[in-house]
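Each chain is listed here by its residues.
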Amino acid sequence: METIRLTVGQAIVRFLKNQYVERDGNENPFFAGCLGIFGHGIVAGVGEGLMENLDFPYIMTRNEQASVHIATAYAKMKNRLGAFACISSIGPGATNMITGAACATINRLPVLIMPGDIFVRRNVAPVLQQLESPFTQDISVNDCFKPVSRYWDRISRPEQLITSLPEVMRVLTSPSDTGAVTLALPQDVQAEAFDFPEELFRKRIWKIARPRPDSAVLNEAVNLIRNSEKPVIIAGGGVIYSEATEILKRFVEKTGIPVAETFAGKGSLPYNHPSNLGAAGATGTPGANRFTAEADLIIGIGTRYSDFTTASKTAFQNRDVKFININVAGFDSYKHSALPLMADARVCLEELQELLDFRVSDDYLKSAADANRAWDEMVSGIYSVSGSLPVSQAEVVGAVNECAGPRDVVLCAAGSLPGDLHKLWRTIDPKGFHLEYGYSTMGYECAAGIGAKMACPDREIYVMVGDGNYLMMNNEIVTAIQEGIKVIIILLNNNGFGSIGALSQSIGSQRFGTKYRYRDNKTGLLTGETLPVNFAQNARSLGAHVIEATDIDSLKNALKEAGEQTVTTVITIETDLYKGVEGYAWWEVPVSEVAEIESVREAYKVLKENKKKQRYFL
Ligand SMILES: Cc1ncc(C[n+]2csc(CCOP(=O)(O)OP(=O)(O)O)c2C)c(N)n1
Ligand SMILES: [Mg+2]
């Protein structure tokens with residue numbers, strides 16, 4: 001066998017460059033490059049390997065957590081058919097990536113994480129940043145990645161790469177198993193050479209399969225649907241990742257079954273399709289909530305049934321409700337004691353449509369269309385400009401939505417914006433709505449905008465971010481400037497946590513500790529003047545083009561100006577902390593069972609009342 005002598009770092013880069021994926025006859029390189037920050041634990045091994053392979057792009061970021069968010073957003077926009085590798089030094093650079101890894105894994109999005117690790121040779125231990133353990137020498141901070149990774153390995157000898165790297169690819173490219181993959185790279189081993197087989201570096205094409213459903217289970221599903229009167233589809237992220245939106249539309253038009261969308265599934269049907277009930281669950285529309293409450297059959301497609309989707313298990317109130325779950329992951333397909341249609345969403349819907357001679361009643365069809373229209377009229381009302389200042393968040397969402405083109409993308413992750421966007425945003429294109437709401441990671445937004453733009457350079461990316469999220473991680477604006485990547489960031493400053501503040505109030509805790517204010521010497525609390533943060537100056541200092549809007553007219557002008565810019569542009573606007581959008585379903589957050597404070601005792605009574613609607617699905 002021909003061999004080539006390479007260091008571990010060189011071998012990894014050479015291998016990654018040669019990995020391709022193919023689905024439906026379309027072949028692409030899997031990795032777009034590598035993101036990271038060098039340190040003594042990675043600079044010699046992988047760092048040197050990257051420098052020898054300049055055709056494999058390396059992008060320096062400002063925070064390792066942000067590297068992973070950039071990678072995650074890229075993979076999401078690529079429907080999991082593309083990814084980045086993320087590297088770090090040992091120690092804090094590595095552990096900075098744990099939040100990112102959890103976020104990727106929970107959202108079922110592929111990211112390769114390669115943290116540097118402590119010397120395997122041990123003779124120089126403890127090295128800088130080493131976590132010493134008195135009970136074992138076989139542990140480092142990188143062991144913390146185990147629960148948040150779908151595959152985890154440590155390369156203690158160079159030749160281990162030969163058996164580890166194919167496993168890395170198997171998991172990353174698997175629609176059912178994908179998530180963060182961690183390959184811990186001890187710093188000494190990274191720089192060691194080995195005679196690797198040439199074959200390891202040949203071009204390898206990973207076929208992304210579309211598993212077909214079992215025919216007996218499929219027939220059972222046909223019978224269940226035929227015998228239903230009020231079926232509802234819940235469309236999750238799997239519909240979009242599988243590129244099943246066209247067949248979903250045909251399926252819906254043939255059967256008349258209405259669709260409610262999860263956060264990851266929003267965009268499965270255009271918002272104005274008469275069978276689109278809009279957002280499902282706790283942040284759902286009144287129509288979607290009424291339909292799911294009464295449904296005798298829920299067809300979940302590519303959904304994890306998070307508590308937001310199920311309104312903490314109160315969304316499905318029909319005594320006899322049954323579930324069919326179309327899901328490529330066996331794990332998800334069995335949820336709610338469903339009939340498990342373990343399959344790729346697209347092929348499964350194609351086969352189901354062939355077999356199914358079913359149509360809902362005219363009344364049911366009309367009722368869904370009425371709900372779709374009624375909600376859109378509500379949205380128009382909520383979007384309409386009141387003229388009072390500070391503006392409401394919903395008015396800002398409306399202005400951005402009206403300015404965005406049909407293929408443009410709104411991107412968001414945490415705060416009160418996700419719920420508002422879920423309900424309100426009029427999504428036309430399946431990739432137009434990018435919400436990281438599996439982990440709801442504060443700080444995802446500015447970084448993720450870069451990943452989304454790299455995946456879709458021909459779309460405008462509107463990053464919508466609250467002041468809290470922005471303050472947690474805005475540093476990747478520097479990376480965007482460095483790379484010449486343009487995103488439009490709309491920063492909504494309500495001087496604190498509108499979301500957690502409202503939540504705090506609802507559980508009786510009176511918005512305690514949720515406002516960005518000076519500590520007041522008299523009360524000892526954060527009840528002083530508003531803090532003097534100047535967001536515009538902050539963004540400008542990082543290199544962004546900045547426009548300060550004060551009302552909806554100036555916001556509209558700012559959005560127009562931002563559209564003409566070629567650099568990352570930040571638009572700041574102050575919003576009202578208290579003006580929220582109404583909710584139509586419940587989400588369970590615990591309330592203290594005993595309390596001195598009357599508002600908490602009242603909230604506990606409400607909790608007990610709401611919990612009566614919770615169900616098991618057995
Ligand atoms: C890393 C992290 N810490 C804490 C939270 C809990 N949390 C969710 S939203 C939020 C406040 C977000 O503030 P901001 O971006 O200003 O949005 P707003 O609530 O004002 O809409 C907090 C603290 C979280 N989701 N992620
Ligand atoms: Mg805020």
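Residues numbered from 1 in each chain as written. Chains lettered and ligands numbered in written order. Predicted model: local features only at pLDDT ≥ 70, side-chain atom pairs only at ≥ 80, totals over all residues. Heavy atoms only, no water.

Helix and strand content of the protein: 23 helices and 23 strands. Here the C-alpha atoms of the protein give a radius of gyration of 25 Å, agreeing with the 25 Å that 2.2 N^0.38 yields for 618 residues. For the protein, the spread of C-alpha atoms along the three principal axes comes to 70 × 70 × 55 Å. Expressed as a percentage of the 618 residues in the protein, the buried residues total 58%. If you take every contact in the protein between residues at least 6 apart in sequence, the share linking residues at least 24 apart comes to 75%. For the protein, the computed accessible surface area is about 25,000 Å², with 51% contributed by carbon and sulfur atoms. If the 61 positive side-chain charges of the protein are averaged to one point and the 71 negative ones to another, these points end up 3 Å apart. (Helix = DSSP H or I, 4+ residues; strand = E, 2+ residues; numbered from the N terminus. Rg over C-alpha atoms; globule rule 2.2 N^0.38 Å. Buried < 20%, exposed > 50% of the residue type's maximum accessible area, 1.4 Å probe, protein only. Contact = heavy atoms within 4.5 Å. Areas by Shrake-Rupley, 256 points an atom, 1.4 Å probe, with all protein chains shown as cover. Lys, Arg positive; Asp, Glu negative; His and termini not counted. Charge placed at Lys NZ, Arg CZ, Asp CG, Glu CD.)

What follows deals with the coordination of the magnesium ion (ligand 2). Coordination of the magnesium ion (ligand 2) by the protein involves D467 (OD), N494 (OD1) and G496 (O), with metal-donor separations of 2.0 Å. Mapped onto the sequence, the donors of the magnesium ion (ligand 2) take the spacing D-x26-N-x1-G. Like N494, the residue G496 is buried in the burial classification. (Donors = N, O, S within 2.8 Å, 3.2 Å for Na, K, Ca; no water.)

Along the chain, the position of T255 falls in helix α10 (residues 245-255). If we ignore the near neighbours within four places in the chain, the residues touching T255 are L356, F358, R359 and V360.

Now for the pattern of salt bridges. All chains considered together, the criterion is met by 35 salt bridges. With its nearest N and O atoms 2.7 Å apart, the salt bridge here joins R154 to D143. Of the two residues, R154 sits in strand β8 (residues 151-154) while D143 sits in the loop between β7 (111-117) and β8, which places them 11 residues apart along the sequence. For the pair formed by R154 and D143, the shared burial category is buried. (Salt bridge = Lys/Arg side-chain N within 4 Å of Asp/Glu carboxyl O.)

A few words now on the site of ligand 1. Around ligand 1, a shell composed of 15 residues is seen, among which S416, D467, N469, G498 and S499 lie nearest. Take S440: an N or O atom from its main chain is 2.8 Å from a nitrogen atom of ligand 1. The separation between an oxygen atom of ligand 1 and a polar main-chain atom of G498 is 2.7 Å. Of all elements in the fold, only α18 (467-472) and α20 (498-506) reach the threshold of two or more residues within the shell around ligand 1. If one sorts the elements of the shell around ligand 1 by residue count, α18 sits on top with 4 residues. Looking at the shell around ligand 1 residue by residue, the classes come out as 4 nonpolar, 10 polar and 1 charged. (Near = heavy atom within 4 Å. Polar contact = N/O pair within 3.5 Å; in protein donor to acceptor, adjacent residues only side chain to side chain. Nonpolar A, V, L, I, M, F, W, Y, C, P; charged D, E, K, R; others polar.)

So, about helix α22 (residues 552-564). Given 3.6 residues per helical turn, the α-helix brings residues three or four places apart onto the same face. If you check α22, its first and last C-alpha atoms are 19 Å apart, about what 13 residues at 1.5 Å a residue would give, namely 18 Å. Of the positions making up α22, those classed as buried are I552, L555, A558, L559 and A562. Buried residues of α22, seen end-on, are gathered within an arc of 110 degrees and therefore sit on one face of the element. In this structure, α22 carries D553, N557, K560 and E564 as exposed residues pointing more than 90 degrees from its buried face. Where α22 is buried, its residues meet α15 (393-403), β20 (461-466), β21 (488-493), β22 (545-548) and β23 (569-574). (Expected span 1.5 Å × (residues − 1). Arc of directions from axis to C-beta.)

Looking now at the packing of aromatic side chains. Evaluation of the coordinates by the stated rule reveals 17 aromatic pairs. Here F291 and Y364 contribute two aromatic rings whose centre-to-centre distance is 5.3 Å and whose plane-to-plane angle is 50 degrees, an arrangement assigned as tilted. One end of the pair, F291, is in helix α11 (residues 286-294); the other, Y364, is in helix α14 (residues 362-383), with 73 residues separating them in the sequence. Seen in terms of ring centroids, F316 and F323 are 5.2 Å apart; in terms of plane orientation they differ by 85 degrees. Their pairing is edge-to-face. Following the ring pairs from residue to residue traces out a cluster consisting of F263, F308, Y437 and W587. (Phe/Tyr/Trp six-rings, centres within 6.5 Å; stacked < 30°, edge-to-face > 60°.)

What follows deals with the environment of K560. Its location among the elements puts K560 in helix α22. Residues K560 and A404, spaced 156 residues apart in sequence, show a C-alpha to C-alpha distance of 9.9 Å.

Glancing now at the environment of F512. With respect to the secondary-structure elements, F512 resides in the loop between α20 and α21 (535-541). Those residues within four positions of F512 in sequence are excluded, and the remaining contacts are S504 and L525.

Turning to the nonpolar core, a few remarks are in order. Core analysis: the largest hydrophobic core is formed by 52 residues, its most contacted members being I113, F145, Y470, I489 and V570. Ignoring any residue separated from it by four or fewer positions in sequence, one finds V570 in contact with I477, I489, L491, A539, A544, H545, V546 and I547. (Core = buried A, V, L, I, M, F, W, Y, C linked by side-chain atoms within 4.5 Å.)

Attention now moves to the side chain of T572. Mapped onto the elements of the fold, T572 is located in strand β23. Taking relative accessible area as the criterion, T572 reaches 10% and is therefore assigned buried.

Let us look at the packing of helix α1 (residues 8-17) against helix α6 (residues 160-172). In the contact formed by α1 and α6, the axes pass within 12 Å of each other and the chain directions differ by 35 degrees. α6 is crossed by α1, and the crossing has right-handed handedness. Where α1 abuts α6, its residues V8, A11, I12 and F15 lie against L161, L165, P166 and M169. Tallied by class, the residues present in the contact of α1 with α6 amount to 8 nonpolar, no polar and no charged. (Axes fitted to C-alpha atoms, helices over the stretch in contact; angles between N-to-C directions. Left-handed = near helix turned anticlockwise from the far one by under 90°.)

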